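Below are the chains, spelled out letter by letter.
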There are 2 protein chains.
Amino acid sequence: MSLLLVSNHRDMAPFKAAIEKIDSNIDVEIWPNVKNLNRVQFAVAWRHPKHVFSQYPNVKVISSLGAGVDHLIQDKTIPEHVKITRIITSSLADQMSDYILTACLNIIRKTEIYLEQQKTGKWKVHKTYKKDELTIGILGLGELGSKVTKRLLINGFSVAGWSRTKKMIEGAETFAEDELTDFLNRTNILVNILPLTNQTEGILDLGLFKQLKQPAFLVNAARGEHLVSEDLIYALDTGLIKHAVLDVFSEEPLPESHPFWGREKITITPHVASITDPDEAAELLVENYKRTLSGMALLYEVDREKEY
Amino acid sequence: MSLLLVSNHRDMAPFKAAIEKIDSNIDVEIWPNVKNLNRVQFAVAWRHPKHVFSQYPNVKVISSLGAGVDHLIQDKTIPEHVKITRIITSSLADQMSDYILTACLNIIRKTEIYLEQQKTGKWKVHKTYKKDELTIGILGLGELGSKVTKRLLINGFSVAGWSRTKKMIEGAETFAEDELTDFLNRTNILVNILPLTNQTEGILDLGLFKQLKQPAFLVNAARGEHLVSEDLIYALDTGLIKHAVLDVFSEEPLPESHPFWGREKITITPHVASITDPDEAAELLVENYKRTLSGMALLYEVDREKEY
């Protein structure tokens, strides 16, 4: 039996090393160097080449290397009987919380304005937003979203949250699927950490932006496909959204010619909000690998119908 | 009896309005428009003109408009019998915590590198510092410092603290006056929020920087006079300090010709870490004004010997 690591452009060697450190008996292979295609029962994928899994007739489980599984759900060549799992670690949630908190603090404290002023030696004080003046609205209250919410709350922010089924988080105002308008109407800083599914693709569009409370800001740390790019540009140009912080894009790396790069009202980070740590991931991968071999229930298995 | 508001260049009208809103019977005057010099018993000062208080023979108490009182302590024309108080509000401590937290998050997440990359359309991932890799060291564990420490702790940072007399803060490693070297040896991000006194002036010098743990960073949110500017420039040029975030300067506004402006390794904000809110300040000022008239003990009175 072997465990296969598959990625188009991520270096998988640290993950192989981390898995072998936990259990040196596991035969770990890195695509495309596979000795015996039939022996692969468990695979780990990050931006895998389409169709690659059809080469391994005995693969039972494929784990995403992160919290998102859209790249696996969308690959219709993966047979229906193959189970899909994902990686949720406390470090992933903590990094995501740090990223969102940093973005929100920089928005209220006007960090970028001061960095611009510095370039021309300009000393001018700008009013910061008070934390009780703005409400942060979190789209998606799953494993990551609920932790992000709690972290913003302990830092004194007002937080609202929206999820398909209503979640209860002490101190936050939460909304269910059919209460999206109510949620948006009291949200100033909209933070997207939804899973990418057929239902959520393109959710960040002009119709949604128009429902936000003014002044409005956007932070997207989920997937580029959630956002309708031209709608964001229109919203920024018309002042409907004052500033956007984007970590994800429908094409990554974001092409040099993309209009987002040159915009002062957009902050771009290269998909770094939350990066899976090999040692932490390895623990979960080894556990799920062993569960696969013994037929036990998997950890963080994805509902392929719901797509998350 | 009157309450006098004195500042060289800050608009005191909002403070007058806030005080009158609480108690319309208080006679609030704004310097230099004073009807009767003898009636001034309580004054509030922020960057006051030197010698100004010698004009008011009956002034008993002068309150700083913020947490710092160095501008009052250093004014030797203020008679010794005049008591000095300062303003500490939960909002001041919260704003300071936000400022320090923002600076530390931007350091570990390399925010400025990404903003620079964006200018040239560059997509490159940089390793973030993990929160357990770097220790934040807080110089000064008074009213503000202890709150800043707690806030960093709940956000998962490792925090050390140094103060004249050793303070106990759960979760932080604290050091007393004579343990400065031990404190510095385990500090990566040095955060200064000390009061400015004869003892602390110029404390941030090359000798101190050399004792920091590598990689080292500096955040100064106290007073410009704590820092020996040329030592910081030397430390940045030699890589002893990787980056400095400065909110305060010995001359403010920082002159356009100052070498700090043009440095990539320095982030400048125009003394905005913590700004006194008129409504919050007014409550404390009215309370201390009434205590002055009735001869009661004052809130947040400063020990003029210790200078804080």
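Keep in mind it's a predicted model, so treat the numbers as computed, not measured.

Quick notes on the relation of the copies chain B and chain A
Superposing chain B onto chain A takes a rotation of 180° combined with a translation of 0.0 Å along the rotation axis, leaving an RMSD of 0.0 Å. Each copy turns onto its partner about a two-fold axis. No C-alpha of chain B lies nearer the rotation axis than that of B:T102, which sits 3.1 Å from it. A share of 100% of the interface residues of chain B reappears at the interface of chain A, consistent with the copies meeting face to face through the same patch.

Here's the deal with the sheet that holds strand β5 (residues 83-85) of chain B
One key point about sheets: their strands pair by backbone hydrogen bonds, in either a parallel or an antiparallel sense. All names here are of chain B. Strand order in this open sheet of 5 strands is β2-β1-β3-β4-β5, and the pairing throughout is parallel. The open sheet has two edge strands, β2 (28-30) and β5, and neither has a second partner. Geometrically, the sheet is characterised by an average inter-axis angle of 25° between neighbouring strands, direction not taken into account. Bridge analysis of strand β4 (residues 61-64) against β5 gives 3 bridges, and the strand direction is parallel. Each residue of the ladder has a partner; that of I62, found in β5, is I84. The strands touched by helix α1 (residues 13-22) are β1 (2-7) and β2; relative to β2, the strand with the most contacts, the crossing angle is about 175°. Its contacts with the sheet place helix α9 (residues 278-294) against β1, β3 (40-46), β4 and β5, and it is angled at close to 150° to β3.

Quick word on the environment of A:L299
Residue and element names in this part refer to chain A. Along the chain, the position of L299 falls in the segment after α9 (278-294). Sequence-wise, L299 and K213 are 86 residues apart; in three dimensions their C-alpha atoms are separated by 39 Å. In this structure L299 touches T85, L284, E287, N288 and R291, once residues within four positions along its chain are discounted.

Structural notes on the packing of aromatic side chains
Overall, the coordinates contain 10 aromatic pairs over all chains when judged by the stated rule. Taking 6.0 Å as the distance between ring centres and 65° as the angle between the ring planes, the aromatic pair formed by A:F175 and A:F183 counts as edge-to-face. With respect to class, A:F175 is no different from A:F183; both count as buried. Put simply, the rings of A:W123, B:F249 and B:F260 pair up and form one aromatic cluster. Geometry around B:F157 places B:K131 over its ring, the cationic atom sitting 5.6 Å from the centre.

What to know about the domain arrangement of chain A
All names here are of chain A. For chain A, the assigned domains read domain 1 (2-89 + 276-294) and domain 2 (90-268). Computed over C-alpha atoms only, the centres of domain 1 and domain 2 are separated by 32 Å. Each partner contributes to the interface: domain 1 provides 12 residues, whereas domain 2 provides 9 residues. With both chains or domains summed, domain 1 and domain 2 bury close to 940 Å², and 49% of this area falls on carbon and sulfur atoms. Three residues, D70, I88 and T89, lead the burial of domain 1 against domain 2; their summed loss comes to 47% of the area buried on that side.

Thresholds applied
- Residue positions within a chain follow its written sequence, with the count starting from 1.
- To label them, take the chains in the order written and letter them from A, then take the ligands in the order written and number them from 1.
- Per-residue local features are limited, in this predicted model, to residues with pLDDT of at least 70; the limit for side-chain atom pairs, both in listing and counting, is 80 or more; totals at the level of whole chains, interfaces and linings are taken over all residues.
- Working from all heavy atoms in the structure, the side-chain values ignore hydrogens and water.
- All copies are superposed by least squares; the fitting set is the C-alpha atoms of residues with a pLDDT of at least 70 in both.
- Residues count as neighbours in contact if any of their non-hydrogen atoms are within 4.5 Å of one another.
- Here a strand pair is declared whenever DSSP counts at least two bridges between the two strands.
- Secondary structure is summarised from DSSP: a helix means a run of H or I of at least four residues, a strand means a run of E of at least two, and numbering begins at the N terminus for each.
- All axes here are fitted lines through C-alpha atoms, helices being fitted over the stretch that makes contact, and every angle between N-to-C directions spans 0 to 180 degrees.
- Between the rings of Phe, Tyr and Trp (Trp by its six-membered ring), a pair exists once the centres lie within 6.5 Å; its type follows the angle of the planes, with under 30 degrees stacked, over 60 edge-to-face, and the other angles tilted.
- Partly exposed describes any residue whose relative accessible area lies between the buried limit of under 20% and the exposed limit of over 50%, with all areas from a 1.4 Å probe on protein chains only and scaled to the type maximum.
- Here, a charge over a ring means that NZ of Lys or CZ of Arg falls within 6 Å of the ring centre while also lying within 35 degrees of the ring normal.
- Residue ranges labeled as domains rest on an automatic or database domain assignment.
- Buried surface area refers to the total accessible area, computed with a probe of radius 1.4 Å, that the two partners give up upon joining, counted for both partners together.

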